[in-house]
Amino acid sequence: MPKTPEGINNLLTAFNTNINANSGALATKYNVTAAELLRIAQATLVWTWFMAGITNGRKWTQFFTAQRDMMETAEPGAAQPLPGLPTLPPLPMLPTTPPTPALLEPGFFAFFTGLVARIKNAENYDVSDGELLGIEGAEMPVPHEPSTWPQPSVDLTTSGQPEVTCKKGVFQGFTVFLTRPGQPRKMIGFASSRHFLVTETLPAAGTAEIWIFDVQYRYEDEPFGQTSQPISVTVRG
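Read on for an overview of the structure. Starting afresh in each chain, residues are numbered from 1 along the sequence in its written order. Only residues with pLDDT of at least 70 get local features here, since the model is predicted, and only at 80 or more are side-chain atom pairs given and counted; chain-wide, interface and lining totals rely on the full set of residues. Processing note: side-chain calculations cover all non-hydrogen atoms of the structure and skip hydrogens and water entirely.

The secondary structure content of the protein amounts to 5 helices and 10 strands. Taking 2.2 N^0.38 as the reference for a compact globule, 237 residues should give roughly 18 Å; the C-alpha atoms of the protein span a radius of gyration of 27 Å, well beyond that estimate. Each principal axis of the C-alpha atoms in the protein carries an extent, and together these give about 105 × 40 × 25 Å. Throughout this description, buried means an accessible area under 20% of the type-specific maximum (1.4 Å probe, protein chains only), exposed means over 50%, and partly exposed covers the range between. Per-residue burial for the protein yields a buried fraction of 35% across its 237 residues. A run of H or I in DSSP becomes a helix once it reaches four residues, and a run of E becomes a strand once it reaches two; helices and strands are each numbered from the N terminus. What the globule rule says is 2.2 Å times the number of residues to the power 0.38, and the radius of gyration is computed from C-alpha atoms.

Here it is, written out as structure tokens:
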């Protein structure tokens, strides 16, 4: 996430403009729903409104202070009315039919962070799309740790080896754990992408075992969040 309000404003504006460009081509490509598009449009309008309001407020504060200082520094003269209150920009309206006032959504950026992670982890993600949306290279905040639960899946490849898949999101990757029959749970590797091919020795020919996998995210070289729910898969030799 950009570090300044101006940077956030630029990110939201670029994202909102380009996700809807060309009849919503990128929205369709990355399965961004109409409800999600409306939330993004609303947040962009509201953030821009706050930016303009803060600018007006700062100018008013400077003027207000200067008016007060006249009591000390100005030449004696006739009394004059006190300054009025600052003027806020008109309330932003959503482009609905009919137009409706935009509302402030508390915690919007938790949703936005997740949406950006979802787009960047899509199988069909293109860096050029991310550059248009303003999210390529943008540092996004880490989700709330206690509520972070990986949701992996396990499939068998044509060779019979399991492959663990999990969205990477903003994390460095995920650690993979395996429990085999009669063996303690152990770490078998770390995935820096969304796929991890398990290279453990398969069961003896003609036999089958139930392997149990779970994963945990890693962030800044430390385990992050909760361990996923265990997933069982039958592996044959």
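The definition of a nonpolar core used throughout is a set of buried Ala, Val, Leu, Ile, Met, Phe, Trp, Tyr and Cys residues joined through side-chain atoms within 4.5 Å. Counting 21 residues, the largest nonpolar core has Phe15, Ile19, Val32, Phe112, Leu115, Ile119 and Ile135 as the members making the most contacts within it. Put simply, the parts of the chain that give this core at least two residues each are helix H1 (5–19), helix H2 (21–29), helix H3 (34–73) and helix H4 (108–120). Element by element, the count of residues in this core is highest for H4, at 6 residues. Any two residues whose heavy atoms approach within 4.5 Å are treated as being in contact. When neighbours within four sequence positions are excluded, Phe15 is seen to be in contact with Ile40, Phe112, Leu115, Val116, Ile119, Leu133 and Ile135. Formed by 18 residues, the second largest nonpolar core is a distinct cluster that contains Val154, Val164, Val198 and Val215.

Taking 1.5 Å per residue, 13 residues should reach 18 Å; H4 reaches 19 Å between its end C-alpha atoms and fits that length. Turning to H4, its buried residues are Phe108, Phe111, Phe112, Thr113, Leu115, Val116, Ala117 and Ile119. Helix span is expected to be 1.5 Å times the residue number reduced by one.

To continue, consider the pattern of salt bridges. A pair can form between side chains of opposite charge whenever their charged atoms are brought close. The rule for a salt bridge is simple: a side-chain nitrogen of Lys or Arg has to be within 4 Å of a carboxyl oxygen of Asp or Glu. Per the counting criterion, the structure on display carries 10 salt bridges. Of the charged contacts, one joins Glu123 and Arg194 as a salt bridge, the two residues approaching to 3.6 Å between their closest N and O atoms. On the criterion of sequence distance, the pair formed by Glu123 in the loop between H4 and helix H5 (127–133) and Arg194 in the loop between strand E6 (186–191) and strand E7 (195–197) is long-range, its members being 71 residues apart. Residue Arg194 is classed as buried on the basis of its relative accessible area, which comes to 18%. Across the salt bridge formed by Glu200 and Lys186, the nearest N and O atoms sit 3.0 Å from each other. A residue pair is termed long-range when its members are at least 10 positions apart, and Glu200 in the loop between E7 and strand E8 (208–219) and Lys186 in strand E6 qualify at 14 residues. Salt bridges sharing partners connect three or more residues here, namely Arg180, Lys186, Glu200 and Glu209.

Relative to the assigned elements, Thr175 resides in strand E5 (residues 173–179). The buried category is assigned to Thr175, whose relative accessible area is 6%.

Now for the packing of aromatic side chains. Stacked, edge-to-face and tilted are the three classes for Phe, Tyr and Trp ring pairs, Trp counted by its six-membered ring, which pair at centre distances within 6.5 Å; planes under 30 degrees apart are stacked, over 60 edge-to-face, the rest tilted. In total, this model carries 14 aromatic pairs according to the counting rule given. With a centroid separation of 5.1 Å and 75 degrees between ring planes, the pair formed by Phe15 and Phe112 is classed as edge-to-face. Remark: Phe112 occurs in helix H4 and Phe15 occurs in helix H1; sequence separation between them is 97 residues. Neither Phe15 nor Phe112 differs from the other in exposure class; each is buried. When the centroid spacing of 6.2 Å and the interplanar angle of 90 degrees are considered together, the rings of Phe109 and Phe112 count as edge-to-face.

Another point: the side chain of Asn121. In this fold, Asn121 is placed in the loop between H4 and H5. Relative accessible area serves as the criterion here: at 13%, Asn121 is assigned to the buried category. Here a polar contact is recorded for every N or O atom pair within 3.5 Å, except that within protein the pair must consist of a potential hydrogen donor and a potential acceptor, and residues adjacent in sequence are included only if both atoms are side-chain atoms. From its side chain, Asn121 meets the backbone oxygen of Ala117 in a polar contact 2.8 Å long. Once residues lying within four places of it in the same chain are set aside, the contact partners of Asn121 are Lys167, Lys168, Gly169 and Arg194.

Among the structural elements, Leu26 can be located in helix H2. A relative accessible area of 11% places Leu26 in the buried class. Taking the C-alpha atoms as reference points, Leu26 and Leu133, separated by 107 residues in sequence, lie 9.2 Å from one another.

Here we come to the packing of H1 against H2. Only the contacting stretch of a helix is used when fitting its axis, a line to C-alpha atoms as for every element, and angles between N-to-C directions run 0 to 180 degrees. Interaxial distance between H1 and H2 falls to 6 Å at its minimum, and their mutual angle equals 105 degrees. The angle between H1 and H2 falls in the class roughly perpendicular. In this structure, H1 contributes Thr17, Asn18 and Ile19 to the contact, and H2 contributes Ala21, Gly24, Leu26 and Ala27. A per-class count over the contact of H1 with H2 returns 4 nonpolar, 3 polar and no charged. Reported orientations rely on four angle classes, namely roughly parallel under 35 degrees, roughly antiparallel over 145, roughly perpendicular from 65 to 115, and oblique for the rest. Three classes are used, and their members are as follows: Ala, Val, Leu, Ile, Met, Phe, Trp, Tyr, Cys and Pro are nonpolar, Asp, Glu, Lys and Arg are charged, and the others, Gly among them, are polar.

Shape is all these values report; function is a separate question.
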